[in-house]
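Summary of the model geometry
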Amino acid sequence: MNDGFDLSMIDMSQTVPDSTASLISAGGMVILSVFLVLLFVIFIRYKAKIMPLIAGVLGYVIFIFMGSNFVISILPDFARPDGMTGGMEICMTSLVMTLFYTIARICVANIIKDRYKGPGDVFIAGLGLGVGDGAVYGITTIMAMSVLASSINHAGLEELLLNTGLSADAAVDLYVSTISPLIHVPPVVWLLMGISLSMDMIMNIGLMMICSGVADGKLDGRWYAITAVINFVMLIPFTFNSTNYTTTAQAVVPFVIKAAMFAAFAYMVLRIDKEKLGSMLSKDLKGYTYERMPRFGNLRKK
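Summary of the structure given here. On a predicted model such as this, the values are computed, not experimentally measured, just so you know.

Before going further, it helps to examine the overall build of the protein chain. Along the protein chain, the regular secondary structure elements total ten helices and zero strands. Element order for the protein chain, N to C, with α for helix and β for strand: α-α-α-α-α-α-α-α-α-α. Counting all 302 residues of the protein chain, 44% fall into the buried class. Put simply, 82% of the contacts in the protein chain that link residues at least 6 apart link residues at least 24 apart. Working note: accessible area of the protein chain is about 15500 Å², and carbon and sulfur atoms make up 66% of it.

Laid out in structure tokens, this is it:
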């Protein structure tokens, strides 16, 4: 993948701009803040139980993390995303991810529909699915980038690439795939990435609401396909290609497109919720009782 490029072509005096490090941290704070606020509101306001959250997280691990990566690994060379360029790579990755997100959503919605009927249970299951790419991937990536940026600025690029025991090919791969975007991508991209991943988390809650409506018979089966299309379209503008942008304009325009689509999706979910789903978002849950986690003492008595 790096034919014709070697270590001698790298300017070892390069450093990471200070604004990049600051905006990487800001992007991480956005993701973490949105996740914690959603978690608090869903548990406290909507009386969510813990098991739908676990079901959502397991759905992410089994279908998205393991399933999609396995399928990508067994695809023939001509169909693998890492063997493609530009838009084809983004579309193929988005297509595979959408397929497994849709399968996971349908499975989780049907698993929780009989026992966990509260609005909060549906919301927290959607958050469980969205937390993988949103919070876990986003925060771990941002933490890794922050450490790498600090290492480059303090020890220098030459020390990192030439004096850490990496082979020449490994050093070139590290530079091309990770260090070069960190240095050359406009700093604002890292903040926009944090906002974009936060939108993805919220989007997963809305998509789970629709899939839950289908599982409960409130919506017809075609909405499964509609959620898949929405998921696919929402992933394309900014999720997998944000570090390919080399100018601020190139980054801002796709982000604005994604933000506009997100706003339209949010409006659609609000309309569907009011007209078909029984106003889950505004439901009055005063006096609603929900099952608490059992205590070990109670378990021993049974």
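Helix geometry: helix H6 (residues 168-184) is bent most strongly at tyrosine 175, by close to 45 degrees. The set of residues buried in H6 consists of Ala171, Val172, Tyr175, Ile179, Ser180, Pro181, Leu182 and Ile183.

Quick look at unusual backbone geometry now. The backbone of lysine 47 sits at a positive phi, close to 55 degrees, despite the residue not being glycine. Among the structural elements, lysine 47 can be located in the loop between helix H1 (18-44) and helix H2 (50-74). Non-glycine residue serine 279 carries a positive phi angle of around 55 degrees. As for its placement among the helices and strands, serine 279 is situated in the loop between helix H9 (248-275) and helix H10 (296-301).

A separate point is the nonpolar core. Inside soluble globular proteins, nonpolar side chains tend to come together where they are buried. The biggest cluster of nonpolar side chains holds 74 residues, and the ones touching the most others in it are Leu127, Ile152, Leu157, Ile179 and Leu182. At 16 residues, helix H7 (residues 188-215) tops the list of elements feeding residues into this core. In this structure leucine 127 touches Phe35, Leu38, Leu39, Ile42, Met201 and Ile205, once residues within four positions along its chain are discounted.

Where helix H8 (residues 222-235) contacts H9, the axes come no closer than 10 Å and their chain directions differ by 160 degrees. By the angle between their axes, H8 is roughly antiparallel relative to H9. Between H8 and H9 lies a crossing of left-handed hand. Residues Trp223, Ile230, Val233 and Met234 of H8 pack against Lys258, Met261, Phe262, Phe265, Met268 and Ile272 of H9.

Below, the discussion takes up H2. Between its terminal C-alpha atoms H2 stretches 35 Å, which fits the 36 Å expected from 25 residues at 1.5 Å a residue. Looking only at H2, the buried set comprises Pro52, Leu53, Ala55, Gly56, Gly59, Tyr60, Ile64, Gly67, Ser68 and Ile72.

A contiguous nonpolar patch, built from Met51, Ile54, Val57, Leu58, Val61, Ile62, Phe65 and Met66 and spanning about 680 Å² of accessible area, is present on the exposed surface. Relative to the helices and strands, isoleucine 62 is located in helix H2.

Tracing the backbone through its elements, the reader meets proline 187 in the loop between H6 and H7. For proline 187, a relative accessible area of 23% gives the class partly exposed. Sequence separation between proline 187 and threonine 248 is 61 residues; the distance between their C-alpha atoms is 8.3 Å. Setting aside chain neighbours within four positions, we find proline 187 in contact with Ser19, Thr20 and Leu23.

A few words now on the packing of H1 against H7. Between H1 and H7, the least distance of the axes is 6 Å, while the angle of their chain directions is 15 degrees. Put simply, H1 runs roughly parallel to H7. Between H1 and H7 the crossing geometry is right-handed. Listed contacts from H7 to Thr20, Leu23, Ile24, Ala26, Gly27, Val30, Ile31, Val34, Phe35, Leu38 and Ile42 of H1 are Val188, Trp190, Leu191, Gly194, Ile195, Leu197, Ser198, Met201, Ile202 and Ile205. Of the residues that constitute the contact of H1 with H7, the class distribution is 17 nonpolar, four polar and no charged.

Across all of its chains, the model carries four salt bridges by this definition. Here aspartate 121 makes a salt bridge to lysine 49, at a shortest N to O gap of 3.0 Å. Highlighted residues: aspartate 121 in helix H4 (residues 119-155) and lysine 49 in the loop between H1 and H2, separated in sequence by 72 residues. Overall, aspartate 121 belongs to the buried group, its relative accessible area being 0%. The class of lysine 49 is buried, set by a relative accessible area of 10%.

Turning to the side chain of serine 198, a few remarks are in order. Position of serine 198 relative to the elements: it lies in helix H7. Residue classification places serine 198 among the buried residues on the basis of a relative accessible area of 5%. Among residues more than four places away in sequence, those in contact with serine 198 are Val30, Ile31 and Val34.

On to the environment of threonine 15. Here threonine 15 shows up in the segment before H1. Spatially, the C-alpha atom of threonine 15 lies 5.5 Å from that of asparagine 153, the residues being 138 residues apart in sequence. Residues in contact with threonine 15, not counting those within four places in the same chain, are Ile152, Asn153 and Ile183.

Each value, and the rule that gives it
- The residue numbering used here restarts from 1 in each chain and proceeds along that chain's sequence as written.
- Confidence filtering applies because this is a predicted model: local features only for residues at pLDDT of at least 70, side-chain atom pairs given and counted only at 80 or more, and all residues used for totals across whole chains, interfaces and linings.
- As a rule here, side-chain values come from all non-hydrogen atoms in the structure, and water together with hydrogens is ignored.
- Numbering of helices and strands runs from the N terminus, with a helix taken as a DSSP run of H or I at least four residues long and a strand as a DSSP run of E at least two residues long.
- Only protein chains enter the calculation, and the probe is 1.4 Å; a residue is then buried if its accessible area is under 20% of its type maximum, exposed if over 50%, and partly exposed in between.
- Contact criterion: two residues are considered in contact whenever any of their non-hydrogen atoms come within 4.5 Å of each other.
- Where accessible areas are quoted, they stem from the Shrake-Rupley method and a 1.4 Å probe; at the residue level, only the protein chains shown are allowed to cover.
- The reported bend at a residue is simply the angle between two axes, fitted to the 7 residues ending at it and to the 7 residues beginning with it.
- Residues belong to a common nonpolar core when they are buried Ala, Val, Leu, Ile, Met, Phe, Trp, Tyr or Cys residues joined through side-chain atoms within 4.5 Å.
- All axes are obtained by fitting lines to C-alpha atoms, using only the stretch in contact for helices, and the reported angles, taken between N-to-C directions, cover 0 to 180 degrees.
- Each angle gets one of four labels, with under 35 degrees taken as roughly parallel, over 145 as roughly antiparallel, 65 to 115 as roughly perpendicular, and the rest as oblique.
- Crossing handedness is read from the near helix: turned anticlockwise from the far helix by less than a right angle, it gives a left-handed crossing, and turned clockwise, a right-handed one.
- What a helix should span is 1.5 Å times the count of its residues minus one.
- Patch rule: a residue counts if its relative accessible area is over 30% and it has no salt bridge; like charges are joined within 9 Å, and nonpolar side chains (Val, Leu, Ile, Met, Phe, Trp, Tyr) within 5 Å.
- Think of a salt bridge as a Lys or Arg side-chain nitrogen and an Asp or Glu carboxyl oxygen that are within 4 Å of each other.
- Charged means Asp, Glu, Lys or Arg here, nonpolar means Ala, Val, Leu, Ile, Met, Phe, Trp, Tyr, Cys or Pro, and polar covers whatever is left, Gly included.

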